[in-house]
Amino acid sequence: MGIHMKNGKKKAFIRNGIGILCLFLLCLIVQGMLWTGRDTADVWNQEQGGNAPDQEKEEGETEKKVAYLTFDDGPSCLTSEYLAVLKEEKVPATFFLIGEQIEGELIAVVKQAKEDGHEIGVHTYCHDAGVIYESEESYIEDILKTKERIKEQCQIETSLFRFPWGSKNSYVEGFKDGVIEEMKKRGMEYVDWNVSGEDSVGCPSAESILANVRKDYKKYNNPVILLHDSASCRATLQALPWLLRELKQAGYSFATLSERKETCHFGEY
Ligand SMILES: [Zn+2]
């Protein structure tokens, strides 16, 4: 009887010991999982000196978050590299083109962009403020010339345009409404932006472009992000993979501008 009880206590002791050990191991595993989840964001924070997306805050939000990347001033000798990054990351974007640059090898690059699922819009034919914004007529002519160039060279129909320097620039102030109305009649809608990489003046660093976008995108569930596909500076291209990863980590998916429910006009969103 005594021996039997001793054995019973011993077994109970072993059972408890195994139980405690299992619990301890389980705690370690759960902690490890939590840590792994934070790992990338923390590394990003340390490397970039910025704020990683706040995962906890986003869990409470119900509206779907979609980012709309837009690239002005292409096509350029870098466009195919942009397309490669976007393809790798499976991200669609919208390109606002400069008509006079659609020539030679770049015609095929624009067609490729369309085939890859990106949207093509009109920016301007020559991007020279003195020529474009001389009058309402000159600007309408500039838009239509670009639209026609895209159609002729690339067989792509466009329904979006973007004012060079945005819709609130001082050149266009006097006749902006007339242009918008006329283009509406022709099935064309203009689009501004609410987040800017500030990458069109000089040649900023990839870090500064990221910091500029990061400063504002979190304010919107549907940010329209202005970037440039310009031959003069590779910084935007360098920043792009980092930007896409950060936006994905912050819970954003991506779409082209025509898929956005609301228009994006300065002062209206
Ligand atoms: Zn531009």
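Residues numbered from 1 in each chain as written. Predicted model: local features only at pLDDT ≥ 70, side-chain atom pairs only at ≥ 80, totals over all residues.

## Regarding the pairing of strand 1 (residues 66-74)
Our working rule: Exposure classification rests on a simple neighbour count of other C-beta atoms within 10 Å of a residue's own: a residue reaching 20 or more is buried, one at 12 or fewer is exposed, and one in between is partly exposed. C-beta atoms are placed from the backbone. Runs of H or I in DSSP of at least four residues are treated as helices and runs of E of at least two as strands, each being numbered from the N terminus. DSSP calls a pair of strands paired once it identifies at least 2 bridges connecting them.
Burial analysis of strand 1 places eight of its nine residues in the buried class, the great majority of the element. Pairing analysis gives two bridges linking strand 1 to strand 8 (residues 253-254), with the strands arranged parallel. Considered in strand 8, the bridge of valine 66 is made with serine 253. Judged from the five bridges that link them, strand 1 and strand 7 (residues 224-228) form a sheet pairing that is parallel. Bridge assignment links phenylalanine 71 to a residue of strand 7, and that residue is leucine 227. Sheet topology places strand 1 next to strand 2 (residues 94-98); four bridges connect them, and they run parallel. Bridging from a neighbouring strand, threonine 70 pairs with threonine 94 of strand 2.

## Section: the confidence of the model for the protein
A low pLDDT score tells you not to read the predicted coordinates there in detail. Operational definition: Confidence of the predictor in every single residue is expressed as pLDDT, which spans 0 to 100. Contact between two residues is assigned whenever their backbone-derived C-beta positions fall within 7 Å.
In the predicted model, the protein carries a mean pLDDT of 83, and 77% of its residues have values of at least 70. Low confidence marks residues 24-58, where pLDDT is under 50. Its contacts with residues over four positions away, or in another chain, come to 18 contacts.

## Overview of the nonpolar core
Applied cut-off: When buried Ala, Val, Leu, Ile, Met, Phe, Trp, Tyr and Cys residues are joined through C-beta atoms within 7 Å, the set is termed a nonpolar core.
Leu69, Leu97 and Ile225 are the most contacted members of the largest nonpolar core, which has 57 residues in total. Sorting elements by how many residues they give to this core places helix 9 (residues 235-249) first, with seven residues. Here leucine 97 is in contact with Gly74, Pro75, Ile102, Val110, Ile120, Val122, His123, Thr146 and Ile150, once residues within four sequence places are set aside.

## Some remarks on the environment of proline 241
Structurally, proline 241 can be placed in helix 9. Judged by C-beta crowding, with 14 C-beta atoms within 10 Å, proline 241 ranks as partly exposed. When the C-alpha atoms of proline 241 and glutamate 88 are compared, they prove to be 9.3 Å apart, with 153 residues separating the residues in sequence. Contacts of proline 241, omitting those with residues within four sequence positions, involve Val85 and Glu89.

## Remarks on the packing of helix 6 (residues 136-154) against helix 7 (residues 176-185)
The cut-off we apply is this: Note on definitions: angles span 0 to 180 degrees between N-to-C directions of axes, and those axes are lines fitted to C-alpha atoms, for helices only across the stretch in contact. Note on terminology: angles under 35 degrees are roughly parallel, angles over 145 are roughly antiparallel, angles of 65 to 115 are roughly perpendicular, and the others are oblique. In this scheme the handedness of a crossing depends on how the near helix is turned from the far one: anticlockwise by less than a right angle means left-handed, clockwise means right-handed. Under the grouping applied here, Gly and all other residues not named as nonpolar or charged are polar, the nonpolar ones being Ala, Val, Leu, Ile, Met, Phe, Trp, Tyr, Cys and Pro and the charged ones Asp, Glu, Lys and Arg.
Relative orientation of the contacting elements helix 6 and helix 7 amounts to 40°, with a least axis distance of 10 Å. As judged from the angle between their axes, helix 6 and helix 7 are oblique. As helix 6 runs across helix 7, the sense of the crossing is right-handed. Across the interface between the two elements, Glu136, Tyr139, Ile140 and Ile143 from helix 6 touch Gly178, Val179, Glu182 and Met183 from helix 7. Classifying every residue of the contact of helix 6 with helix 7 gives five nonpolar, one polar and two charged.

## Quick look at the packing of helix 8 (residues 206-217) against helix 9
A pair of packed helices is characterised by two quantities: the angle between their axes and the separation of those axes. Running from N to C, helix 8 and helix 9 cross one another at 40°; their axes reach a closest spacing of 8 Å. The angle between helix 8 and helix 9 places the two elements in the oblique class. Note that helix 8 runs across helix 9; the crossing there is right-handed. Counted together, Ala206, Ile209, Leu210, Val213 and Tyr217 of helix 8 and Ala235, Thr236, Gln238, Ala239, Trp242, Leu243 and Leu247 of helix 9 form the full contact between these two elements. Of the residues assigned to the contact of helix 8 with helix 9, the class counts are 10 nonpolar, two polar and no charged.

## Looking at unusual backbone geometry
Residue proline 75 follows glycine 74 across a cis peptide bond; omega there is 0°. In this model, aspartate 73 sits at a positive phi of 75°, which is unusual for a non-glycine residue. With respect to the secondary-structure elements, aspartate 73 resides in strand 1.

## Some remarks on the pairing of strand 3 (residues 119-124)
Using the following cut-off: Call a crossover right-handed when, viewed with both strands pointing away from you, the route from the first strand across the helix to the second goes clockwise.
The buried fraction of strand 3 is high, at six of six residues. One ladder, built from five bridges, connects strand 2 with strand 3; its direction is parallel. Bridge pairing in strand 3 places phenylalanine 96 opposite glycine 121. In terms of handedness, the path from strand 2 via helix 4 (residues 105-115) over to strand 3 forms a crossover that is right-handed.

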